[in-house]
Amino acid sequence: MSREVRVQDLLGRQVRAANNQSVGRIEEIRVEKHGKGYVVREFHLGAAALLERLSAHVGSWFGRGREVRVVAWDQMDLREPKRPRLLVEAATLARLDEDEADRLRDP
Amino acid sequence: MKNAVRLLLGVVTSIGGFIEAGSISTSAQAGALYGFRLLWAIVLAATCVAFLVEMAGRLAAVSHHTLAAAVRERFGVTFHVGPIVAELLLDVLVLTAEIGGVCTALQLLTGRPLRLWVLPAAFLVWVLLWVGNFDAIENSVALLGLVTLCFVVAACRLHPSWSDVARGFVPSVADHHATRYAFLAVSICGATISPYLLNFYSSGAVEEKWTEKDCTMNRVVAFFGMGFGAVVSMGVLVTAAMVLQPRGIAADAFSQMALVLTPAFGKWGFYLFAASLGIGCLGAALEVALNMAYLLGQSLGWSWGENLKPKDGTRFSLVFTLAIGLAAGLVLLGLDPLRLTLFSMALTVLILPVLVLPFLVLMNDEHYVGRHTNGWLGNVVVGLIVVGGFLMALVAIPLQILGGS
Amino acid sequence: MHLVRDVLDKQLLDRDGRKMGKVDGIVLELREDGPPRVAFIENGLPVLLHRLMGTAGDFAALVERRLGIRDGEPVRIPMAKVVEVGIDVRLDLAASETRALAWEEWVGKHLIRRIPGSGA
């Protein structure tokens with residue numbers, strides 16, 4: 001059984017870990033080609049992701065030290081779109097550092 | 001020859017943008033109350049708007065997208081909706097003031113009351129947009145708008161002390177009624193750096209199918225066009241300073257301002273003023289009504305364009321039709337065009353920082369402007385306009401209450 | 001490819017380069033056995049307004065139903081029809097194959113064409 005969820009409903013939603021700790025808001029969804037279509041690869045959370053989306057340049061003006069939190073598709077529980085939950089420990093999440101984020105900005 | 005015709009976009013933009021009710025009245029008031037001392041404000045404002053117009057044109061030439069379209073695409077609808085709604089509301093006020101200005105000009109010319117002219121004037125604006133195409137409107141408004149050069153001719157004929165005039169280009173503090181002075185300086189900026197002007201210019205560039213190769217020409221057109229507007233505004237200010245200030249006339253009404261050309265041209269001066277006001281306001285009304293349709297159409301992804309027949313841009317045509325109707329209704333309700341003009345200029349200054357901020361991102365984004373990104377100067381100017389606009393906004397509201405009319 | 005940065009809110013162009021609105025929404029299909037699939041692009045006033053204020057979106061859908069404009073259902077375009085994602089999103093279909101221009105047609109039929117000089 002497959003269900004549908006709208007990207008625009010996920011945007012800006014606070015993601016919570018199993019212990020209800022806030023992890024960050026969903027600001028971007030990265031997809032990759034899979035056959036003839038696209039599938040979700042990961043979700044980018046946090047203020048740094050928002051800055052990344054709005055402007056690569058403005059983001060770098062605010063200096064380093066702001067990291068984008070990355071949640072892989074299989075680490076996210078979207079059964080309740082209004083309350084996305086992390087399926088793993090927050091600490092194990094990958095973080096994009098600035099260099100990798102820079103490389104991702106212009107695909 | 002083609003490039004000469006392109007200059008007309010710059011000229012028509014500035015005619016509609018700032019040789020209209022707002023600019024004529026602020027420049028006249030500035031001259032009447034402070035002589036030549038506010039000339040620097042016109043130069044400053046015109047320079048700022050020229051930079052912004054050039055950017056709007058460059059964006060359109062390289063990306064074939066207009067300012068409004070690019071802001072939604074780049075920043076998303078949540079960021080875009082506030083500024084767009086604010087700009088639309090501002091446009092309604094300005095459109096009302098401009099239609100009122102056309103009616104005032106007709107009233108001055110014929111002596112018949114203003115309200116009589118509202119429906120004919122509104123109908124004229126509407127029918128020109130309905131039936132015309134962009135080039136026809138651009139060319140006719142630009143050519144007719146050359147009549148406004150009468151202010152410049154009058155200013156020269158009155159033989160002002162050119163050294164006094166030159167001193168006016170240096171920013172100074174007022175010697176009396178400092179709040180009024182500051183308010184007028186802010187109003188001049190608000191009248192000149194009109195938001196609708198920016199999107200109109202970028203829309204015009206797309207309508208005329210400018211490409212990346214037109215970037216250099218765009219720079220010339222933007223600065224020449226805004227320069228034209230600035231020179232005419234300065235002409236208004238100087239004639240008001242020479243004619244109204246010595247007589248203690250404060251230029252609180254268009255009928256008072258109409259006197260400025262009489263010493264230079266005799267009886268014809270009065271008619272020339274009315275013609276300039278009427279044509280300037282007509283140009284502005286066309287520009288603002290079109291801009292409202294551009295804003296909505298470009299934000300929502302419709303087919304848009306004055307070059308389209310109404311049946312090919314149905315929602316687009318509906319918007320300018322409704323806008324003109326609404327504005328006409330507001331004039332008939334008795335809203336005073338002059339008061340409305342002054343109020344809308346204060347409002348412009350309020351929303352200007354938000355509308356200009358996206359330039360900092362868009363003009364440095366290669367997806368939109370290719371290799372024609374802003375140099376350091378362009379970015380600095382935009383930054384200064386944003387900061388300056390914000391400061392003016394903080395100050396504009398108390399000034400409006402304390403020093404405005 | 002980033003959905004929000006690269007796809008959402010971009011201009012939609014059909015096979016002939018005709019404007020058919022913007023990408024107002026994107027629908028993901030959640031699956032048991034694998035990553036979520038990008039299923040559809042959504043377009044239409046109710047979708048757009050819903051992003052800003054949920055009730056506004058519902059109201060717009062109601063108006064559309066009342067006027068018989070695509071029964072208040074959003075326009076859905078399968079991701080498979082997307083040819084190119086650049087400054088615009090180009091589709092491999094004609095606008096007339098979707099209901100994306102329903103409002104444009106309604107305004108034309110009921111309002112614009114009745115006025116002389118509309119080019120109809």
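Let me begin by describing the structure that accompanies this report.

Cut-offs and rules
Residues numbered from 1 in each chain as written. Chains lettered and ligands numbered in written order. Predicted model: local features only at pLDDT ≥ 70, side-chain atom pairs only at ≥ 80, totals over all residues. Heavy atoms only, no water. Helix = DSSP H or I, 4+ residues; strand = E, 2+ residues; numbered from the N terminus. Rg over C-alpha atoms; globule rule 2.2 N^0.38 Å. Buried < 20%, exposed > 50% of the residue type's maximum accessible area, 1.4 Å probe, protein only. Contact = heavy atoms within 4.5 Å. Areas by Shrake-Rupley, 256 points an atom, 1.4 Å probe, with all protein chains shown as cover. Lys, Arg positive; Asp, Glu negative; His and termini not counted. Charge placed at Lys NZ, Arg CZ, Asp CG, Glu CD. Core = buried A, V, L, I, M, F, W, Y, C linked by side-chain atoms within 4.5 Å. Axes fitted to C-alpha atoms, helices over the stretch in contact; angles between N-to-C directions. Parallel < 35°, antiparallel > 145°, perpendicular 65-115°, else oblique. Left-handed = near helix turned anticlockwise from the far one by under 90°. Nonpolar A, V, L, I, M, F, W, Y, C, P; charged D, E, K, R; others polar.

A word on the overall build of chain B
- Of the regular secondary structure elements, chain B holds 19 helices and zero strands.
- What you see for chain B is a C-alpha radius of gyration of 20 Å, in line with the 22 Å of a compact globule of 405 residues.
- On the principal axes, the C-alpha backbone points of chain B span a range of 55 × 45 × 45 Å.
- Going through the 405 residues of chain B one by one, you find that 64% of them count as buried.
- Put simply, of all contacts in chain B between residues at least 6 apart along the chain, 85% involve residues at least 24 apart.
- Accessible area for chain B stands at about 14,300 Å²; split by element, carbon and sulfur atoms hold 71% of it.
- Side-chain charges of chain B comprise 21 positive and 21 negative groups, with the mean position of each set lying 4 Å from the other.

Focus: the nonpolar core
- Core analysis: the largest hydrophobic core is formed by 161 residues, its most contacted members being B:Leu38, B:Leu95, B:Phe273, B:Phe320, B:Ile324 and B:Phe359.
- Ranked by residue count, the leading element in this core is helix α3 (residues 39–63) of chain B, at 18 residues.
- Membership of the second largest hydrophobic core comes to 41 residues, among which are A:Val7, C:Val7, C:Ile77 and C:Ala100.

Quick notes on the packing of helix α8 (residues 150–157) of chain B against helix α12 (residues 215–243) of chain B
Residue and element names in this part refer to chain B.
- Running from N to C, α8 and α12 cross one another at 45°; their axes reach a closest spacing of 8 Å. Here α8 is positioned oblique relative to α12, judged by the angle of their axes. Viewed along their axes, α8 and α12 form a crossing whose handedness is left-handed. Every residue of α12 that contacts α8 at Phe151, Val152, Ala154 and Ala155 is listed here: Val231, Val232, Gly235, Val236, Val238 and Thr239.
- Considering only residue class, the contact of α8 with α12 consists of eight nonpolar, two polar and no charged.

Quick notes on the packing of helix α2 (residues 21–34) of chain B against helix α10 (residues 178–192) of chain B
All names here are of chain B.
- Closest axis-to-axis distance for the α2/α10 pair is 9 Å, and the angle between their directions is 155°. Taken as axis vectors, α2 and α10 run roughly antiparallel relative to one another. α10 is crossed by α2, and the crossing has left-handed handedness. Facing α2, whose interface residues are Gly22, Ser23, Thr26, Gln29, Ala30, Leu33 and Tyr34, α10 presents Arg180, Tyr181, Leu184, Ser187, Ile188 and Ala191.

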